[in-house]
Amino acid sequence: MSFITNAIRLDSEYRQLLDTVKKEFSAHKPYPIAISGLSDGASDACIVSLVEDTSRERRGMPLFIICPEEKECLRLQKMLVQHGIRASFYLNRDLNFYNITASHEYEHERLRVLSGILNGDFDAVITTPDALLGYTIPPQCLKENMLCIDNTEQLEPKELANRLIAAGYARADLVDSPGQFALRGGIVDIYPPNGRFGDADGGTKNGANAIRVEFFGDTIDRISEIDALTGKILNDLKHANIFPASHYVVGGEKEEIFKQIHQDKFRQIEFFKANNKLIEAQRIEERVNYDVEMMKEMGYCTGIENYSRYFDGREIGQPPYTLLDFFPKDFVVFVDESHITLPQ
């Protein structure tokens, strides 16, 4: 591939394309550029060259690549990683056909990508049109619900547990998968979908392992990175930034949020009763009351996405937040197979 990318960089049409992209970045007046007639290998080499040659103009913001199918996204991600490019695939929402406890693996993977975008961890983000338009947590909400833990912080174990529940974590006896935490006396084990850890040498790294927070009274005495399976301590940490474990976090002024939900519930009940729909009125009252109690106690409920407007502070009719909201006004978008992708 290096031979092909070097050959493309010598091509006059590629140099013209690169100059145009850079000029549009400087002028803040982007417009679409169509590239046609490329084979799969040449298209891959063009993407690799653009990622590498526009790093200065992008100022740490990843190149945004949209492909028509997930299979093509995975192939492209694998190819970019093989060339030393930090690429990540933003998955579509998983479909649940049965009312069972579903795996949150896909949700945690999406949150890992979103937090990585905010941290500047990627050179390229690849996705499909369906995933691009799917609801996600607002960028500001993701930042606000990030837990910053320092090894000298004054904090009680129960307070940390409450903050984890509000951030979408589920309590368990032992942490064995992302999105869980365990509280045992003065020890809290946390398995975040993604975290940013500061080690004892002053370095910072992204972490995919569980962490253990040990308390002495109401003070954090030690933070360590552990193997979730064995509990073995892998590394001592000075601090840890832990991102939420759910797209739907009950944060901010919770009582005000619940008050708004109940107000809309009463209005809907009155509407049903006025139209002689007494069964529907009873059902919505019971369901909303149950959901609110679950959110108060557990931080989430089944079908919590139905209440996302209240958490985000959106007005009625305002569109939800998507992956595009994590990018600035000016960024490079590469649409693969645009004659298929854009109609989607």
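Here, every reference points to the structure presented above.
So, a few notes on the structure that sits alongside this text.

Criteria and cut-off values
- Residues numbered from 1 in each chain as written.
- Predicted model: local features only at pLDDT ≥ 70, side-chain atom pairs only at ≥ 80, totals over all residues.
- Heavy atoms only, no water.
- Phe/Tyr/Trp six-rings, centres within 6.5 Å; stacked < 30°, edge-to-face > 60°.
- Buried < 20%, exposed > 50% of the residue type's maximum accessible area, 1.4 Å probe, protein only.
- Lys NZ or Arg CZ within 6 Å of the ring centre and 35° of its normal.
- Axes fitted to C-alpha atoms, helices over the stretch in contact; angles between N-to-C directions.
- Helix = DSSP H or I, 4+ residues; strand = E, 2+ residues; numbered from the N terminus.
- Parallel < 35°, antiparallel > 145°, perpendicular 65-115°, else oblique.
- Left-handed = near helix turned anticlockwise from the far one by under 90°.
- Contact = heavy atoms within 4.5 Å.
- Nonpolar A, V, L, I, M, F, W, Y, C, P; charged D, E, K, R; others polar.
- Polar contact = N/O pair within 3.5 Å; in protein donor to acceptor, adjacent residues only side chain to side chain.
- Expected span 1.5 Å × (residues − 1).
- Arc of directions from axis to C-beta.
- Core = buried A, V, L, I, M, F, W, Y, C linked by side-chain atoms within 4.5 Å.
- Salt bridge = Lys/Arg side-chain N within 4 Å of Asp/Glu carboxyl O.

## A word on the packing of aromatic side chains
Okay, so step 1: Overall, the coordinates contain four aromatic pairs when judged by the stated rule.
Okay, so step 2: Here Phe271 and Phe272 contribute two aromatic rings whose centre-to-centre distance is 5.9 Å and whose plane-to-plane angle is 55°, an arrangement assigned as tilted.
Okay, so step 3: By relative accessible area, which is 45% here, Phe271 ends up partly exposed.
Okay, so step 4: Grouped by ring-pair contacts, the aromatic residues Phe64, Phe327 and Phe331 constitute a single cluster.
Okay, so step 5: Over the face of the ring belonging to Tyr310 we find Arg309, whose NZ or CZ atom lies 4.5 Å from the ring centre.

## Quick word on the packing of helix H3 (residues 40-53) against helix H5 (residues 70-82)
Okay, so step 1: Running from N to C, H3 and H5 point in directions that differ by 55°, and their axes come no closer than 11 Å. As summarised for this structure, H3 and H5 are arranged oblique, according to the angle between their axes. Considering how the two elements wind past one another, H3 and H5 form a crossing that is right-handed. Two secondary-structure elements touch here, H3 through Asp44, Ile47 and Val48 and H5 through Arg75, Leu76, Met79 and Leu80.
Okay, so step 2: Taken together, the residues of the contact of H3 with H5 sort by class into five nonpolar, no polar and two charged.

## Brief notes about the packing of helix H1 (residues 2-10) against helix H2 (residues 12-27)
Okay, so step 1: Here H1 crosses H2 at 75°, and the two axes come no closer than 5 Å. By the angle between their directions, the pair H1 and H2 is classed as roughly perpendicular. Contacts between H1 and H2 involve Ile8, Arg9 and Leu10 from the first element and Ser12, Tyr14 and Arg15 from the second.
Okay, so step 2: Here the residues of the contact of H1 with H2 sort into three nonpolar, one polar and two charged.

## Quick notes on the side chain of Asp53
Okay, so step 1: Mapped onto the fold, Asp53 is located in helix H3.
Okay, so step 2: In this structure the side chain of Asp53 is engaged in a polar contact, spanning 2.7 Å, whose partner is the side chain of Tyr14.
Okay, so step 3: Excluding anything up to four places from it in sequence, Asp53 contacts Arg9, Tyr14, Leu18 and Lys22.

## Digging into unusual backbone geometry
Okay, so step 1: Here Asn276, not a glycine, exhibits a phi torsion of approximately 60°, which is positive.
Okay, so step 2: With respect to the helices, strands and loops of the structure, Asn276 is situated in the loop between helix H10 (254-274) and helix H11 (278-298).
Okay, so step 3: With relative accessibility at 63%, the residue Asn276 sits in the exposed group.

## Some remarks on H2
Okay, so step 1: Here H2 spans 22 Å end to end across 16 residues, near enough to the 22 Å set by a 1.5 Å rise per residue.
Okay, so step 2: The complete set of buried residues in H2 reads Tyr14, Leu17, Leu18, Thr20, Val21, Glu24 and Phe25. Down the axis of H2, the buried set is contained in an arc of 160°. They therefore lie on one face. Exposed and oriented more than 90 degrees from the buried face of H2 are Gln16, Lys23 and Ser26.
Okay, so step 3: Of the surrounding secondary structure, the elements contacted by the buried residues of H2 are H1, H3 and helix H4 (55-58).
Okay, so step 4: The distance from a side-chain oxygen at the start of H2 to the backbone nitrogen of Glu13 is 2.9 Å, and the residue carrying that oxygen is Asp11.

## What about the nonpolar core?
Across soluble globular proteins, nonpolar side chains show a tendency to be buried alongside one another.
Okay, so step 1: Judged by nonpolar contacts, the single largest core of 27 residues is most densely connected at Tyr14, Ile47, Ile65, Leu76, Leu80 and Ile126.
Okay, so step 2: Of all elements in the fold, only H2, H3, strand E1 (63-66), H5, strand E2 (87-89) and strand E3 (124-127) reach the threshold of two or more residues within this core.
Okay, so step 3: Beyond its immediate sequence surroundings of up to four residues, Tyr14 is in contact with Ile8, Arg9, Cys46, Ser49, Leu50 and Asp53.
Okay, so step 4: Core analysis: the next-biggest nonpolar cluster, separate from the first, contains 21 residues, Leu160, Leu164, Val213 and Ala240 among them.

## Here we look at the pattern of salt bridges
Okay, so step 1: A full pass over the atoms with the stated rule returns 14 salt bridges.
Okay, so step 2: Among the salt bridges present, the one from Glu72 reaches Arg75, with a minimum N-O distance of 2.5 Å. Taken together, the residues span about one helical turn, with Glu72 and Arg75 both in helix H5 at a distance of three residues.
Okay, so step 3: Under the relative-accessibility criterion, Glu72 is labelled partly exposed at 23%.
Okay, so step 4: For the salt bridge of Arg184 with Asp189, the shortest nitrogen-to-oxygen distance reads 3.1 Å.
Okay, so step 5: On the accessibility criterion, Asp189 (4% relative accessible area) is buried.
Okay, so step 6: Connected through salt bridges with shared partners, the residues Arg9, Glu52 and Asp53 form a single ionic network.

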